[in-house]
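This is what each chain is made of:
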Amino acid sequence: MLEKSALYVVATPIGNLSDISLRALEVLAGVDAIAAEHVQNSAHLLAKHHITAKWIRLHQHNESAAAEKILSLLRAGERVALVTDAGTPGISDPGAILVQRVREGGYRVIPIPGANAAVCALSAAGISDPHFLFYGFLPAKSGLRKRALTEMKSYLFTLIFYEAPHRILESVTDMIEVFGENRKITIARELTKLFETIYCGTLAETLAWLQADSNQQKGEFVLLLSGAEMPEESGISEDARHTLACLLEELPLKQSVKLAAEITGENKNALYQLALNLKSSEPGF
């Protein structure tokens with residue numbers, strides 16, 4: 001039995017229509033209405049599973065208005081499901097505003113897990129680094145894109161991006177300019193679809209691979225860029241490292257570095273770089 005006056009956030013397939021859970025199908029068949037980004041796309045999925053639905057259009061341009069309509073349904077005791085074109089709603093897709101409004105209204109939000117392109121790509125990339133940062137879509141303009149990439153240049157963990165086909169060459173070119181030709185990248189294209197492709201190489205090799213075959217420039221992309229290598233903080237004693245690590249647990253970074261330099265006599269700039277590395281390697285940083 002589905003709960004009354006509840007919003008179900010339902011993950012849907014990212015390509016292959018069979019990649020949907022039994023629970024998701026039960027929810028979609030049992031709710032009173034389904035909010036979808038593009039009704040035609042979602043209707044195709046439901047038709048495969050012989051499900052009919054009352055639809056509400058919800059996209060980035062009308063999310064606030066659609067949220068009010070959905071709240072009125074919840075007040076009346078109805079059950080509503082939220083889906084996106086592919087994957088999990090609210091992850092580089094509309095949905096966050098609706099969820100906020102529903103929670104503020106005192107109604108329950110129930111997640112129904114399923115497909116996610118970033119995690120799908122990561123699982124097949126063979127990357128042993130346990131830490132990663134999901135960024136989503138980079139800025140469309142090259143200047144803003146390179147600025148965003150530069151801010152992540154020293155990050156030690158895998159960086160995950162989504163990219164559109166008409167920007168894939170520009171994005172990889174900008175990555176070469178910021179990170180250099182030898183940083184490793186995995187490209188996952190058209191995941192779970194007929195022309196699924198997963199390619200691993202250096203940024204230079206990957207750009208050449210894309211340019212050599214225009215077919216590889218089509219579809220939806222997940223980019224997994226390896227993190228920066230841990231620099232050697234030569235000359236910093238173990239006592240100084242321990243002191244800095246303890247201070248960072250209680251104090252802001254700059255204050256920790258200043259105190260560590262005063263206590264240990266170590267070089268302040270070297271301690272500052274070490275502090276940045278320690279912070280960036282923390283889970284959830």
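Cut-offs used in this document
Residues numbered from 1 in each chain as written. Predicted model: local features only at pLDDT ≥ 70, side-chain atom pairs only at ≥ 80, totals over all residues. Heavy atoms only, no water. Pairing = 2+ DSSP bridges. Helix = DSSP H or I, 4+ residues; strand = E, 2+ residues; numbered from the N terminus. Axes fitted to C-alpha atoms, helices over the stretch in contact; angles between N-to-C directions. Contact = heavy atoms within 4.5 Å. Buried < 20%, exposed > 50% of the residue type's maximum accessible area, 1.4 Å probe, protein only. Salt bridge = Lys/Arg side-chain N within 4 Å of Asp/Glu carboxyl O. Phe/Tyr/Trp six-rings, centres within 6.5 Å; stacked < 30°, edge-to-face > 60°.

Engineer: I'm lost on the sheet that holds strand S1 (residues 6-10) in this one. Help?
Structural biologist: Sheet strands line up and pair through hydrogen bonds in the backbone, either parallel or antiparallel. If you walk across this open sheet you meet the five strands as S3-S2-S4-S1-S5, and the pairing is parallel. Across the chains shown, the open sheet's two edge strands, defined by having one partner strand only, are strand S3 (55-57) and strand S5 (108-112). With strand direction ignored, the average angle separating the axes of adjacent strands in the sheet is 25°. Pairing of strand S2 (residues 33-36) with strand S4 (residues 80-83) involves four bridges; the strand directions are parallel. In the strand pairing of S4, Ala 35 is matched with Leu 82. Each of S1, S2, S4 and S5 is contacted by helix H1 (residues 22-30), which is oriented at about 135° to S5, the strand it contacts most.

Engineer: Even after reading the chapter, I still don't get the pairing of strand S10 (residues 221-225), so can you show me in this structure?
Structural biologist: Two faces, one strand: in a regular strand the side chains alternate between the faces of the sheet. Most of S10 sits out of view: five of its five residues are buried. The alternating pattern of S10 places Phe 221, Leu 223 and Leu 225 and Val 222 and Leu 224 on opposite faces, both of which are buried. Bridge analysis of strand S7 (residues 158-163) against S10 gives five bridges, and the strand direction is antiparallel. Bridged to Glu 163 within S10 is Phe 221. Bridge analysis of strand S8 (residues 184-189) against S10 gives five bridges, and the strand direction is antiparallel. Bridge pairing links Ile 187 to Leu 223 in S10.

Engineer: In this structure, what is going on with the pattern of salt bridges? I would like to understand it.
Structural biologist: Charged atoms that come close allow side chains of opposite charge to pair. Counted under the stated rule, the structure contains ten salt bridges. The partner of Glu 163 in a salt bridge is Arg 167, and the shortest N-O contact between them spans 3.1 Å. Here Glu 163 matches Arg 167 in class, with each residue buried. Lys 193 is the partner of Glu 220 in a salt bridge, and the nearest nitrogen-oxygen pair spans 3.3 Å. Note that Glu 220 is positioned in the loop between helix H8 (203-212) and S10 and Lys 193 in the loop between S8 and strand S9 (197-202), a separation of 27 residues in sequence. Several salt bridges converge on common partners, so that one network encompasses Arg 145, Glu 170 and Asp 174.

Engineer: Can you help me understand the environment of Val 9 in this one?
Structural biologist: Looking at where Val 9 falls in the secondary structure, it is placed in strand S1. With a relative accessible area of 12%, Val 9 lands in the buried category. As a C-alpha pair, Val 9 and Gly 30 span 21 residues in sequence and 13 Å in three-dimensional space. Once residues within four sequence positions are removed from consideration, Val 9 is found in contact with Leu 82, Pro 89, Val 99, Val 109, Ile 110, Pro 111 and Ile 112.

Engineer: When you look at the packing of aromatic side chains in this model, what are you seeing that I'm missing?
Structural biologist: To describe a pair of aromatic rings, you give the distance between the ring centres and the angle between the ring planes. Applying the stated criterion across every chain, the model contains five aromatic pairs. Relative to Tyr 162, the ring of Phe 134 has its centre 5.1 Å away and its plane inclined at 65°; by these criteria the two rings are edge-to-face. Taken together, the positions of Phe 134 in strand S6 (residues 132-137) and Tyr 162 in strand S7 put the pair 28 residues apart, joining distant regions of the chain. What makes Phe 134 partly exposed here is its relative accessible area of 29%. Residue classification places Tyr 162 among the buried positions, given a relative accessible area of 9%. Plain terms: the ring middles of Tyr 199 and Trp 209 are 4.2 Å apart, the flat faces sit at 5° to each other, and that makes the pair stacked. One end of the pair, Tyr 199, is in strand S9; the other, Trp 209, is in helix H8, with ten residues separating them in the sequence. Assessed through its relative accessible area of 19%, Trp 209 is described here as buried. Joined through ring pairs, the aromatic side chains of Phe 134, Phe 137 and Tyr 162 make up one cluster.

Engineer: It is not clear to me how the sheet that holds S9 should be interpreted in this structure. Could you clarify?
Structural biologist: Spatially, five strands are ordered S6-S7-S10-S8-S9 in an open sheet, and the strand pairing comes out mixed. The sheet is open, and its two borders are formed by S6 and S9, each paired with just one other strand. Averaged over all adjacent pairs, the angle separating strand axes in this sheet is 15°, with direction ignored. As paired elements, S6 and S7 share five bridges and run parallel to each other. From the neighbouring strand, Leu 133 faces S7, where its bridge partner is Leu 159.

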